[in-house]
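Single-letter residue listing:
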Amino acid sequence: MTNAIEVLVPDIGGFKDVDVIEVLVKDGQEIEKETPLVTLETDKAAMDVPAPMSGRITQVKLKQGDKVSEGSLILTLEPGAAQANAPREAPAASRSGAAAPGATTAASAQAQSAAAPAAPARPVTTGSAAPAATASTAVAAAADASTVAAAPVAAAPARGEATIDEAAFSKAYASPSVRKFARELGADLGRIKGTGVKGRITHEDVKAHVKRILSAPAAPAAAPGSALPKVPVVDFALFGAIEVKPLSRIQKISGSRLQASWINLPHVTQHEDADITDLEAVRVALKGKASQEGVRLTPLAFIVKACISALQEFPRFNSSLDASGENLVLKKYFNIGFAADTPNGLVVPVIPNADRLDIYEIARVLAALSEKARAGKLKNTEMQGGTFTISSLGGIGGTAFTPIINAPEVAILGVSKSSQKPVYDKGAFLPRLMLPLSLSYDHRVIDGAEAARFAVFLAKVLGDVKGLL
Ligand code: CAO
């Protein structure tokens with residue numbers, strides 16, 4: 001202890017009996033000048049007391065829970081060689097060890113300590129636990145945070161913590177040294193639960209947090225900027241009775257495909273009304289005979305036929321982008337999928353080579369596939385190879401909707417319920433049966449004008465039933 005000096009609590013703004021909430025060093029430890037020694041907490045702020053000089057700690061004299069005031073003994077320190085004649089600018093006060101009268105290093109430290117009041121310890125706001133932080137305290141905290149934030153981060157941000165919520169970080173209940181430590185590791189204090197006194201976040205808490213993140217399985221790599229914000233998780237039971245029902249296998253599969261399409265394809269929906277007054281008259285006239293032959297002739301069979309005409313006229317609607325996204329694959333076959341509502345969820349059976357079928361054959365295949373779909377007996381092959389999809393809600397109702405494209409197809413036709421509407425024609429309003437069409441398309445492949453032309457063409461074909469028979 002020959003050369004030991006005593007390191008004392010410096011000016012802490014006149015506060016008395018301040019709590020020691022963390023002791024950051026131990027006996028025998030080699031420290032640098034500015035190493036945080038202890039964290040003190042008043043009812044307004046937490047502050048670290050930094051070392052006045054480098055050296056080796058001979059004995060720590062404080063423990064967590066002690067109360068201190070200016071001048072209280074923190075520890076004894078054998079100054080490092082570099083300190084021998086260094087002028088003292090240290091923030092913490094010090095005086096020579098009692099057992100070392102006349103020791104040069106200690107003596108000079110003591111003399112300077114007495115001559116110059118020690119700089120105050122660095123305070124920081126203590127989040128919600130510090131409702132009345134003074135203006136100067138708040139400024140100090142902000143300056144501390146910005147200084148550290150501006151410094152290059154030594155370690156890459158911890159895995160899974162790509163961003164730091166600055167507001168939550170600044171509110172977190174932690175000492176300046178813990179903040180600095182967290183910054184260096186890229187850890188977000190806002191996400192760490194403190195285990196220290198009154199829930200304060202300690203160095204150990206930060207270490208445990210980073211360890212936990214590093215040992216968690218890595219998330220699949222996402223393209224830069226492609227991470228999706230998460231939907232909040234809510235405990236619904238807090239608000240009333242609930243029943244939890246697992247999704248069906250089909251719902252899980254179709255759900256992820258719908259989401260993939262929604263995220264990857266820029267969707268636009270073009271709306272149009274088709275005048276199917278004549279078509280419906282013909283359908284009703286043919287329905288009875290078709291029924292005798294076991295065919296249920298619904299508007300959908302006519303719509304499938306009309307879509308094939310439109311696809312032949314506008315081949316881009318019967319295409320897909322290739323895997324590179326740089327080439328369009330134009331398909332010379334016309335396999336029309338249709339969304340079928342089944343007790344287990346949505347499926348899309350495909351009418352293969354629908355361009356080779358007449359209205360009755362289309363109606364027959366439609367009915368057979370719908371029945372199989374509802375019975376859950378569709379084979380995988382009966383749901384593959386589609387080039388364009390129709391989603392008809394016409395048997396249920398509605399005036400328009402925005403169907404999601406069955407990717408990698410590039411367009412889908414939504415059909416709503418037909419209804420009588422007044423249509424202005426040659427100076428008079430006439431009652432006409434109008435069929436609402438909603439055409440969603442992949443805007444990477446199809447321009448808006450082309451989509452409008454397709455929809456107008458389709459409406460025209462549906463309006464001229466003779467061309468469909
Ligand atoms: N306007 C007015 N009436 C219509 C109509 C329309 N657009 N489309 C069908 N109808 C009538 C039919 O003519 C039939 O009446 P009749 O028996 O008097 O002739 C009745 O509505 C029921 O038709 P349907 O729905 O049973 O038959 P369909 O051929 O029109 O459709 C199918 C078959 C499998 C597509 C349909 O049953 C179905 O499942 N639709 C739901 C599709 C779906 O869920 N889409 C959403 C996907 S995205 O979530």
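Anything mentioned here points back to the structure above.
Here is what the cut-offs are and how they apply
Sequence order sets the numbering: in each chain, residues are counted from 1 along the sequence as written. Restriction of local features to residues with pLDDT of at least 70 applies here, the model being predicted, together with a cutoff of 80 or more for giving and counting side-chain atom pairs; totals for whole chains, interfaces and linings are based on all residues. Values reported for side chains reflect all heavy atoms of the structure, with hydrogen atoms and water molecules removed beforehand. By the criteria applied, helices consist of DSSP H or I runs no shorter than four residues and strands consist of E runs no shorter than two, each listed in order from the N terminus. A simple rule labels every residue: compare its accessible area, found with a 1.4 Å probe on the protein chains alone, to the largest value its type can have, and call it buried under 20%, exposed over 50%, or partly exposed in between. Note on contacts: a residue pair is in contact if any heavy atoms of the two residues lie within 4.5 Å. Patch membership needs two things, relative accessible area over 30% and no salt bridge, and members are linked within 9 Å if like-charged or within 5 Å if nonpolar (Val, Leu, Ile, Met, Phe, Trp, Tyr). Using a 1.4 Å probe, the Shrake-Rupley method yields the accessible areas, and only the shown protein chains count as cover for residues. Throughout this description, the term salt bridge denotes a Lys or Arg side-chain nitrogen within 4 Å of a carboxyl oxygen of Asp or Glu. Nearness of a residue to a molecule or strand requires only that one of the residue's heavy atoms be within 4 Å of it. Counting of polar contacts relies on pairs of N or O atoms within 3.5 Å, with two restrictions inside protein: one atom must be capable of donating a hydrogen and the other of accepting it, and residues adjacent in sequence are counted only when both atoms are side-chain atoms. Note on geometry: axes are lines fitted to C-alpha atoms, helical ones only across the stretch in contact, with angles between N-to-C directions running from 0 to 180 degrees. Small angles under 35 degrees read as roughly parallel and large ones over 145 as roughly antiparallel, with 65 to 115 read as roughly perpendicular and the rest as oblique. For any pair of crossing helices, the crossing counts as left-handed if the nearer helix is rotated counterclockwise from the farther one by less than a right angle, and right-handed if it is rotated clockwise. Three categories are distinguished: nonpolar for Ala, Val, Leu, Ile, Met, Phe, Trp, Tyr, Cys and Pro, charged for Asp, Glu, Lys and Arg, and polar for the others, with Gly belonging to the last. Here a strand pair is declared whenever DSSP counts at least two bridges between the two strands. Centres within 6.5 Å make a pair out of two Phe, Tyr or Trp rings, where for Trp the six-membered ring is used; the pair is then stacked when the planes are under 30 degrees apart, edge-to-face when over 60, and tilted otherwise. Here, a charge over a ring means that NZ of Lys or CZ of Arg falls within 6 Å of the ring centre while also lying within 35 degrees of the ring normal.

## A short note on the overall build of the chain
- Of regular secondary structure, the chain possesses 10 helices and 21 strands.
- Counting over 469 residues, the chain shows a buried share of 42%.
- Counting contacts in the chain only where the partners sit at least 6 residues apart, residues at least 24 apart contribute 65% of the total.

## Looking at a nonpolar patch on the surface
- Together, V234, F236, L238, F239, I242 and V244 give the surface a local cluster of nonpolar side chains, amounting to about 710 Å² of exposed area.
- Relative accessible area serves as the criterion here: at 38%, V234 is assigned to the partly exposed category.

## A few points about the pattern of salt bridges
- Counted according to the given criterion, the structure contains 15 salt bridges.
- The salt bridge partner of E293 is K289, with a shortest N-O separation of 3.7 Å.
- The network of salt bridges with shared partners includes D275, D278 and R432.

## Concerning the site of the ligand
- The environment of the ligand is formed by 23 residues, the closest being R296, T298, D341, R374 and S418.
- A distance of 2.9 Å separates a nitrogen atom of the ligand from a polar atom in the side chain of S391.
- The fraction of the free accessible surface of the ligand (960 Å²) that becomes covered by protein chains is 73%.
- When residues of the shell around the ligand are traced back to their parent elements, those giving at least two are α7 (277–292), α8 (299–313), β15 (340–342), α9 (359–374) and β18 (388–392).

## With respect to the packing of α8 against helix α10 (residues 448–463)
- Two elements in contact, α8 and α10, have axes separated by 9 Å at closest approach and are oriented at 135°. One finds that α8 runs oblique with respect to α10. Like other packed secondary-structure pairs, α8 and α10 cross with a definite hand, here right-handed. Listed contacts from α10 to F302, I303, A306, C307, S309, A310, L311 and E313 of α8 are F454, F457, L458, V461 and L462.
- Of the residues in the contact of α8 with α10, the class split is 11 nonpolar, 1 polar and 1 charged.

## Here's the deal with the environment of G345
- The topology assignment puts G345 in strand β16 (residues 345–347).
- Ignoring sequence-local partners within four residues, the contact set of G345 consists of I250, Q251 and A340.

## Concerning the environment of D275
- Here D275 lies in strand β11 (residues 267–275).
- Look at D275 and you get partly exposed, because its relative accessible area is 22%.
- A C-alpha to C-alpha distance of 9.5 Å links D275 and K421, two positions 146 residues apart in sequence.
- Apart from residues lying up to four places away in sequence, D275 is in contact with R432, L433, M434, L462 and G463.
- Here T277 takes part through its side chain, which lies 2.6 Å from a polar atom of the side chain of D275.
- A polar contact is formed between the side chain of D275 and the side chain of R432, at a distance of 2.6 Å.

## Let's talk about the side chain of T35
- Along the polypeptide, T35 turns up in the loop between β3 (30–31) and β4 (36–41).
- If we skip the residues at most four places from it in the chain, T35 touches V25, V49, P50 and A51.

## Concerning the pairing of strand β21 (residues 428–442)
- Pairing of β11 with β21 involves 9 bridges; the strand directions are antiparallel. Note that in β21 the partner of H267 across the bridge is D442.
- The sheet contact formed by strand β19 (residues 411–415) and β21 spans 5 bridges and is antiparallel. Counterpart to L413 in the pairing with β21 is L439.
- Inspection of the sheet shows strand β20 (residues 419–425) paired to β21 by 7 bridges, in the antiparallel sense. Its bridge partner lying in β21, S419 is registered against M434.

## Here we look at the pairing of β4
- The buried fraction of β4 amounts to 5 of the 6 residues, a majority that puts the element mostly inside the structure.
- When β4 meets strand β5 (residues 45–50), the two strands line up antiparallel, connected through 5 bridges. Residue pairing in the sheet places E41 in a bridge with A46 of β5.

## Structural notes on the packing of aromatic side chains
- Scanning the entire structure with this criterion turns up 6 aromatic pairs.
- Geometrically, the ring pair formed by F314 and F317 is edge-to-face, given 6.2 Å between the ring centres and 80° between the ring planes. Exposure class is identical for F314 and F317. Each is buried.
- For the ring pair F314 and F457, a centre distance of 5.7 Å and an interplane angle of 80° mean the geometry is edge-to-face. Placement of the pair is F314 in the loop between α8 and β12 (319–321) and F457 in helix α10, with a sequence separation of 143 residues.
- Under the relative-accessibility criterion, F314 is labelled buried at 13%.
- Given a relative accessible area of 23%, F457 falls into the partly exposed group.
- Through a chain of ring-to-ring contacts, three or more aromatic side chains come together here, namely F314, F317, F388, F454 and F457.
- Across from the ring centre of F169, 4.0 Å away, lies the NZ or CZ of R183, which sits over that ring.

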